Amino acid sequence: MLDRIRLEISASTVLSALVPKKKNYYFSLYLLILILKIMEQKVRKMAMVMNKFNMLEHDEAYENLNYWLTKSPQERISAVTFLINQTLKPGQRMDKTKFKKAIIRK
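Sequence order as written defines residue numbering, which begins from 1 separately in each chain. Owing to the predicted nature of the model, reporting of local features is limited to residues with pLDDT of at least 70; listing and counting of side-chain atom pairs is limited to 80 or more, with chain, interface and lining totals taken over all residues. Working from all heavy atoms in the structure, the side-chain values ignore hydrogens and water.

Undergrad: So, the overall build of the chain: which residues are in play, and what are the values?
TA: Scanning the chain for helices and strands turns up four helices and zero strands. Starting at the N terminus, helices and strands are each numbered in turn, a helix being any DSSP run of H or I of at least four residues and a strand any DSSP run of E of at least two. Counting from the amino terminus, the chain carries its helices and strands in the arrangement α-α-α-α. Three labels apply to residues, based on accessible area from a 1.4 Å probe with only protein chains included: buried if under 20% of the type maximum, exposed if over 50%, partly exposed otherwise in between. Put simply, the chain has 106 residues, and 8% of those count as buried. With an accessible surface of roughly 11100 Å², the chain has 61% of that area assigned to carbon and sulfur atoms. Only the protein chains shown count as cover for residues, and all accessible areas are computed by the Shrake-Rupley method using a 1.4 Å probe.

Undergrad: Please give an account of the packing of aromatic side chains that cites residues and values.
TA: The pairing test for Phe, Tyr and Trp rings, Trp by its six-membered ring, is centres within 6.5 Å, and the orientation test on the planes gives stacked under 30 degrees, edge-to-face over 60, and tilted for anything in between. With the rule as written, the count across this model stands at one aromatic pair. Centroid distance Tyr 67 to Trp 68: 5.0 Å. Interplanar angle 80 degrees. Geometry classified as edge-to-face. For Tyr 67, a relative accessible area of 45% gives the class partly exposed.

Undergrad: I'd like a description of the confidence of the model for the chain, backed by residues and values.
TA: The predictor attaches a confidence to each residue, called pLDDT, with possible values from 0 through 100. The share of residues in the chain with pLDDT of 70 or more is 64%, and the mean pLDDT across the chain is 76. When pLDDT is averaged over each helix and strand of the chain, the minimum, 54, is found for helix 1 (residues 2–18) and the maximum, 93, for helix 3 (residues 60–69).

Undergrad: A description of a nonpolar patch on the surface should follow, citing residues and the corresponding values.
TA: Within the patch definition used here, like charges are joined within 9 Å and nonpolar side chains (Val, Leu, Ile, Met, Phe, Trp, Tyr) within 5 Å, considering only residues with over 30% relative accessible area and no salt bridge. The salt bridge criterion pairs a side-chain nitrogen of Lys or Arg with a carboxyl oxygen of Asp or Glu, the two atoms within 4 Å. Together, Phe 27, Tyr 30, Leu 34 and Ile 38 line one region of the surface with nonpolar side chains, adding up to about 440 Å² of accessible area. Its location among the elements puts Phe 27 in helix 2 (residues 25–39). Overall, the relative accessible area of 44% leaves Phe 27 in the partly exposed class.

Shown next, in the form of structure tokens:
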């Protein structure tokens, strides 16, 4: 609360130096809001999450496999394509000679 009061006092001091008293009220209010937004501290919007695992019992490969099996084939292909594109140079195309079209029958 005290920090907020300090912000308002310092912002109003800056505002009074910038805008004479006879100027437009809305313009000075706009400047005050703008200055307060700039001076406000950033608030963490993401919650910190921590998971603990016993390293002797945890099987990361099994967890990764289960995760990717929950995704559709289109999402898996999209993820692989995204990872490959990150390693390519600008203008370079993906080498598709390693892939072969196959008809999947049930």
